[in-house]
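What follows is each chain in one-letter form.
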There are 2 protein chains.
Amino acid sequence: MIDAKTILNRCDALANQSSTRTGIERVYLSPEHAAVNLQAGHWMQEAGMTTWMDAAGNQRGRLEGATPGLPTLLLGSHLDTVPNAGRFDGILGVMLAIAVVDRLRESDATLPFAIDVLAFGDEEGTRFGTALLGSRAVAGTWDDQWWTLADKSGTTLREAFVEFGLDPAKVGDAAYRSDDVVGYLEAHIEQGPYLEEADLPLAVVSSIAGARRFALTMTGEAGHAGGVPFHRRHDALAGASEVVLAVEQLAREAGAIATVGRLQAFPGGVNVIPGRVEFSLDLRAETDDVRDAVWAQIQDVAAEICTRRGLAFADEQTHGAPAVVAAPHLRDVIRAGITATTGEPDPMVLFSKAGHDAMAVADLTDWAMLFIRNGRGGISHHPDETVTEADVAVALDAFEAAVRAYAATYAA
Amino acid sequence: MIDAKTILNRCDALANQSSTRTGIERVYLSPEHAAVNLQAGHWMQEAGMTTWMDAAGNQRGRLEGATPGLPTLLLGSHLDTVPNAGRFDGILGVMLAIAVVDRLRESDATLPFAIDVLAFGDEEGTRFGTALLGSRAVAGTWDDQWWTLADKSGTTLREAFVEFGLDPAKVGDAAYRSDDVVGYLEAHIEQGPYLEEADLPLAVVSSIAGARRFALTMTGEAGHAGGVPFHRRHDALAGASEVVLAVEQLAREAGAIATVGRLQAFPGGVNVIPGRVEFSLDLRAETDDVRDAVWAQIQDVAAEICTRRGLAFADEQTHGAPAVVAAPHLRDVIRAGITATTGEPDPMVLFSKAGHDAMAVADLTDWAMLFIRNGRGGISHHPDETVTEADVAVALDAFEAAVRAYAATYAA
């Protein structure tokens, strides 16, 4: 049977499939993608599954239920990475899913549904800039406008499909019919420090925050540093600085998360008062209501700053995604799996500030997620990302127990 | 005799000598420089002066005193400009000086000193990046390191001297001996709104602020917007924003002037917490003590911010000039000139936040300055810079009266 040590070894083995010598980078429809599909498919077969690559390049494996052809429970995550990635983000979830199937088959479990393990080919969007391509195909929400997306070398998504041996005309075949699935469960390393801080190995995910992103501009009046006294200034940078601090304070008070990642003052002369500042805002919260309330407060504060300082504030939304909420009955299944494993009667609940395949699969079926403690301060999207063998062992037990719990309630 | 109308016409005529079709740009040792020297020399001769171009390309004119060969009072300002300049900055002071000499000669004034009118060829530093080249030559503080300074086209200062018909080896000849001068008086348009706000035409200058400029860096820790909660962030931009606002508040409270003109956050991803911010500070005050006290306060606040937020602050001074203070007995002369003209017993006193030729001449002799109201909100270094004919008339009377007042006290 596959244990935690084996899972970590498998994560190490997949980390070798990288387009870069240092760090890990493995993008959609690349030779490395083909290599990890082949390897994962091999492990799926060892676990007793029939395997195939779907029409969007996702690797799949199926374990039939009590009788062949039953609706299927989807277990999955992704095998692609960001540049200079860690080795667990996505990958760990796929390896856990394969191990759970291995255990179920070893124990001759009789399940009221089939299980499909999905190893998505694109969650991060590293190659084509648009994320969740693998899971969108599975969910049946593929958008034909994506075919002309191009990577850094100018290769379009359509060309990359053909190079990978896929038929763009058949991408629709990757989609499930809703009636054929009974839900989606995903295990994933936490991309934050909350479990580590709480000294707990596992958490239930309540929702995945939908980020809104804005391009912001504060406009004032440029002028010479020596010539314009304070009372006549309309300093766009002083105004923008107030906004940056208000963003931090308002988001913090609301339990949301907000980041001004980009900011530049113009014209940018050492002795010129800034006449314009361009900056960005990334805003996330457990619910869209909380997020949008914080945004409204930020706008109010910006308006007050503009009135006081004689400035103008403009915002343009550049990205917006709704929060997706886990299905209560599947959250209960994850919770039951954790409780059965750790004895903790009331497992920790977290909302995910990062995106996941579950966001796309949510259009197809109910979903829930299990978070596993990130071992080093929540470091994510970085080679230092880490998990302990002990936590993987607990996660494997809990994930298996969750599937068994769902089987019990589903049958009843 | 030359009146205010004539002075304005002369400023208009010189504005036509520009290397650009739109706006005014006239730089050191250019064909336009030669043209305005020739024109100003002509007007100096009409005013009864003997004229010559000195070894640094400054145009000069001399009116002898009661007997030939007396020590000389210097009256001057500059004829060069910034890019897209106004037509009065520097030029007005030269035209007023010529007009004062014209009046003194017309009235057959008997003066206890000669008068040299100096039309400096470089104050702004537009061409070679280093300012006050003309007045430094006159003050005897020329630095041979400057010879290799190059303009945008790669021409060095040395090459430009030769092209202009000057001998670099003889630049020292432009310098006065201290014993040969009795002081320096300069009239200049105010590069700020204070006289306009006070509804007054003229002010006495108390000192010229010496700017200190710094390259500042705030360093924190980059991280993913979705993954790092507020209590674990070391957001360099949030810290730098606090510094920007503290700079504004501390300078304002101290009566100093401070500008953060340049600021950029790195790495600059929309969903990445800024790990580093690079920004600039330009700091000016009436005295070096006030300026340096504000800088010390800013450093203290930055240190407190760093402790609280887990950031590091670094500063590097990129420019530093001491404030130069007007000589009390020459300030009295300017004040007397204003009072004699406007009847105002206690004329307004301003410190200059912009640099002037007087800063360089201060190394040679005592100095004082007269400021003339800027007609449109203090706009400077811009084509909209303006003065009224009425103010020029008052300035001319006051500047003449100041010279006569100095002659009276000097003789006594």
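In case you missed it, the structure is sitting above this.
Rules used in this analysis
- Note that residues are indexed from 1 along each chain, following the sequence as it is written.
- Key to labels: chains lettered from A, ligands numbered from 1, both in the order written.
- Where local features are concerned, this predicted model is filtered to residues with pLDDT of at least 70; where side-chain atom pairs are given and counted, the filter is 80 or more; whole-chain, interface and lining totals use all residues.
- The basis for every side-chain value is the complete set of non-hydrogen atoms in the structure, without hydrogens or water.
- Superposing copies: least-squares fit, C-alpha atoms only, residues required to have pLDDT of at least 70 in both.
- Note on contacts: a residue pair qualifies if any of its non-hydrogen atoms lie within 4.5 Å across the two residues.
- Centre distance within 6.5 Å is the pairing criterion for rings of Phe, Tyr and Trp, where only the six-membered ring of Trp is used; planes under 30 degrees apart are then read as stacked, over 60 as edge-to-face, and the remainder as tilted.
- The helix count covers DSSP runs of H or I at least four residues long, the strand count covers runs of E at least two residues long, and both are numbered beginning at the N terminus.
- Residue burial is assigned from relative accessible area. The probe radius is 1.4 Å, only protein chains are included, and a residue is buried under 20% of its type maximum, exposed over 50%, and partly exposed in between.
- For every element, the axis is a line fit to its C-alpha atoms; helices are fit only across the contacting stretch, and the angle between N-to-C directions ranges from 0 to 180 degrees.
- With respect to orientation, any angle under 35 degrees is reported as roughly parallel, any angle over 145 as roughly antiparallel, any angle of 65 to 115 as roughly perpendicular, and every other angle as oblique.
- The sense of a crossing depends on the near helix, which, turned anticlockwise from the far helix by less than a right angle, makes the crossing left-handed and, turned clockwise, makes it right-handed.
- Note that Gly is not counted as nonpolar here; it falls among the polar residues with everything else outside the nonpolar set of Ala, Val, Leu, Ile, Met, Phe, Trp, Tyr, Cys and Pro and the charged set of Asp, Glu, Lys and Arg.
- Buried area is understood as the total, over both parts, of accessible area removed when two parts are fitted together, assessed with a 1.4 Å probe.
- One side-chain nitrogen of Lys or Arg within 4 Å of one carboxyl oxygen of Asp or Glu is enough to make a salt bridge.
- Within 3.5 Å is the distance limit for a polar contact, defined as a pair of N or O atoms, with the added protein rule that one can donate a hydrogen and the other accept it, and that residues adjacent in sequence qualify only through two side-chain atoms.

A. Here's a closer look at the relation of the copies chain A and chain B. Least-squares fitting of chain A to chain B yields an RMSD of 0.1 Å, with the transformation described by 0.1 Å of translation along the axis and a rotation of 180°. Here the two chains are linked by the operation of a two-fold rotation axis. Interface overlap between copies: 98% of the residues of chain A at the interface are likewise at the interface in chain B, consistent with a symmetric, same-surface contact.

B. View of the packing of aromatic side chains. One pass over the full model with this rule turns up 20 aromatic pairs over all chains. Relative to phenylalanine 161 of chain A, the ring of tyrosine 28 of chain A lies with its centre 6.4 Å away and its plane at 80°, an arrangement referred to as edge-to-face. Remark: phenylalanine 161 of chain A occurs in helix H5 (residues 157-163) and tyrosine 28 of chain A occurs in the loop between helix H1 (4-15) and helix H2 (31-46); sequence separation between them is 133 residues. Look at tryptophan 147 of chain B and phenylalanine 161 of chain B: their rings are 4.8 Å apart centre to centre, the planes differ by 85°, and that puts the pair in the edge-to-face class. Residue tryptophan 147 of chain B is located in the loop between helix H4 (133-139) and helix H5 (157-163), and its partner phenylalanine 161 of chain B is located in helix H5; the two are separated by 14 residues in the primary sequence. The two residues tryptophan 147 of chain B and phenylalanine 161 of chain B agree in class, both being buried. What links up through ring pairs into an aromatic cluster is the set Tyr28, Trp142, Trp146, Trp147 and Phe161 of chain A.

C. Structural detail: the packing of helix H7 (residues 236-254) of chain A against helix H7 (residues 236-254) of chain B. Two elements in contact, H7 of chain A and H7 of chain B, have axes separated by 9 Å at closest approach and are oriented at 135°. The orientation of H7 of chain A with respect to H7 of chain B, classified from their angle, is oblique. In this structure, H7 of chain A meets H7 of chain B at a crossing whose hand is left-handed. Every residue of H7 of chain B that contacts H7 of chain A at Leu237, Ala238, Ser241, Glu242, Val244, Leu245 and Glu248 of chain A is listed here: Leu237, Ala238, Ser241, Glu242, Val244, Leu245 and Glu248 of chain B. Across the contact of H7 of chain A with H7 of chain B, the residue classes break down as 8 nonpolar, 2 polar and 4 charged.

D. Structural detail: the interface of chain A and chain B. Residue-level contacts link 52 residues of chain A with 51 residues of chain B. Carbon and sulfur atoms supply 58% of the area that chain A and chain B bury against each other, a total of about 4300 Å² over both sides. Across the contact surface, chain A and chain B share 4 salt bridges. Taking the shortest distance from any N to any O, the salt bridge between arginine 232 of chain B and glutamate 197 of chain A comes out at 2.7 Å. For the pair chain A and chain B, the number of links is 12 residue pairs in polar contact (both at pLDDT 80 or more). Looking at the side of chain A that touches chain B, the elements that each hand over two or more residues are helix H6 (194-198), H7, strand E9 (257-259), strand E10 (263-266), strand E11 (272-273) and strand E12 (276-284) of chain A. No other element matches H7 of chain A, which puts 9 residues into the side of chain A that touches chain B. Considered class by class, the residues forming the side of chain A that touches chain B number 22 nonpolar, 17 polar and 13 charged.

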